[in-house]
Amino acid sequence: MFGLANPDRFMRFTAPVTPVFWALAALLLAIGTWLSFTAPGDYQQGDTVRIMFVHVPAASLGLAAYAALGVSSFFALVFRHPLADAAARAAALPGAAFTALALITGGLWGQPMWGTWWVWDARLTSVLVLFLFYLGYMALRSSIDDEQKATRAAAVLGLVGLINLPIVKFSVDWWNTLHQPASLLRAGGTSLDPVFLAPLLTMMAAYGALFGAVWLTTIRAEVMRRRVQGIRARRALEA
């Protein structure tokens, strides 16, 4: 893994791997969508339960993407490695998109189940804070012209945001919340019926492959952008 920290080695390794992630994401999304629509309705929620197949994977990937952003920010700040900074930067936009999708689908699911689109529940509020960290990270990077200063400032913010991840995860256990507790990963095994478990796991794998494809593609584009900047800077000095 640490061998891939070399940009040249990373580019060679990911050149054939990235298309595989895109193909896998497309295949799993197609299968997951088919399974989601062919699964029976829930005896209590009816067809509304199908929102779970979008909401749960989106929420999970929102957390996972920020974990990738935070860990990459640590290596960028401590070791000042440009590839780690590129990885952190590349995780921000897809992570924000997944988190926004989780918030939107949560509201669509909550209205018929709870009778309201939004409550200041511990889980909902902490996910909203996660989304704001994403927005703050991207805004901070774009507001500073000096790239080195932007890298350091954004990395610090990225590390601070890691504090929110366990709050999101364990909020339903620590506080009395309206949001239901975990039904997939919990002590004693999942409480989901197999007819719902198969499409949910397929969609989670699809979202994971999609994030991997977008992440690797964006990192590669960032590496190429910096190489072009370096070439232009050298030519300007030579001129």
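Below: a short report on this structure. (Residues numbered from 1 in each chain as written. Predicted model: local features only at pLDDT ≥ 70, side-chain atom pairs only at ≥ 80, totals over all residues. Heavy atoms only, no water.)

1. A short note on the overall build of the chain
Then, in step 1: Helices and strands together make up the secondary structure of the chain, namely seven helices and zero strands.
Then, in step 2: Mapped in sequence order, the helices and strands of the chain form the string α-α-α-α-α-α-α.
Then, in step 3: The C-alpha extent of the chain, read off along each of the three principal axes, is 75 × 35 × 30 Å.
Then, in step 4: Within the chain, the fraction of its 239 residues that count as buried is 38%.
Then, in step 5: Long-range contacts, defined as pairs at least 24 residues apart, comprise 77% of the intrachain contacts of the chain with a sequence gap of at least 6.
Then, in step 6: Surface summary for the chain: the accessible area is close to 13,000 Å², and the carbon and sulfur share equals 69%.
Then, in step 7: Across the chain, the 18 positively charged side chains and the 12 negatively charged ones have centroids separated by 10 Å. (Helix = DSSP H or I, 4+ residues; strand = E, 2+ residues; numbered from the N terminus. Buried < 20%, exposed > 50% of the residue type's maximum accessible area, 1.4 Å probe, protein only. Contact = heavy atoms within 4.5 Å. Areas by Shrake-Rupley, 256 points an atom, 1.4 Å probe, with all protein chains shown as cover. Lys, Arg positive; Asp, Glu negative; His and termini not counted. Charge placed at Lys NZ, Arg CZ, Asp CG, Glu CD.)

2. Quick look at the side chain of Ser-36
Then, in step 1: Among the structural elements, Ser-36 can be located in helix H1 (residues 7-38).
Then, in step 2: Of note is the side chain of Ser-36, whose polar atom sits 2.6 Å from the backbone oxygen of Gly-32.
Then, in step 3: Sequence-distant contacts of Ser-36, that is, excluding residues within four places in its chain, are made with Arg-50, Phe-53, Pro-199 and Met-203. (Polar contact = N/O pair within 3.5 Å; in protein donor to acceptor, adjacent residues only side chain to side chain.)

3. A word on H1
Then, in step 1: In this model, H1 (32 residues) spans 44 Å end to end at C-alpha, consistent with the 46 Å of a helix rising 1.5 Å per residue.
Then, in step 2: Largest kink in H1: about 40°, centred on Thr-14, with the proline Pro-16 one to four residues after it.
Then, in step 3: Looking only at H1, the buried set comprises Phe-10, Met-11, Thr-14, Thr-18, Ala-25, Leu-28, Gly-32 and Ser-36.
Then, in step 4: Among the structural elements, helix H2 (52-79), helix H3 (82-114) and helix H7 (194-238) are those in contact with the buried residues of H1. (Expected span 1.5 Å × (residues − 1). Bend = angle between axes of the 7 residues up to and from the residue.)

4. A few points about the environment of Pro-166
Then, in step 1: Mapped onto the elements of the fold, Pro-166 is located in helix H6 (residues 164-174).
Then, in step 2: Along the chain, Pro-166 and Arg-80 lie 86 residues apart, while their C-alpha atoms are 26 Å from each other.
Then, in step 3: Here Pro-166 is in contact with Ser-171 and Trp-174, once residues within four sequence places are set aside.

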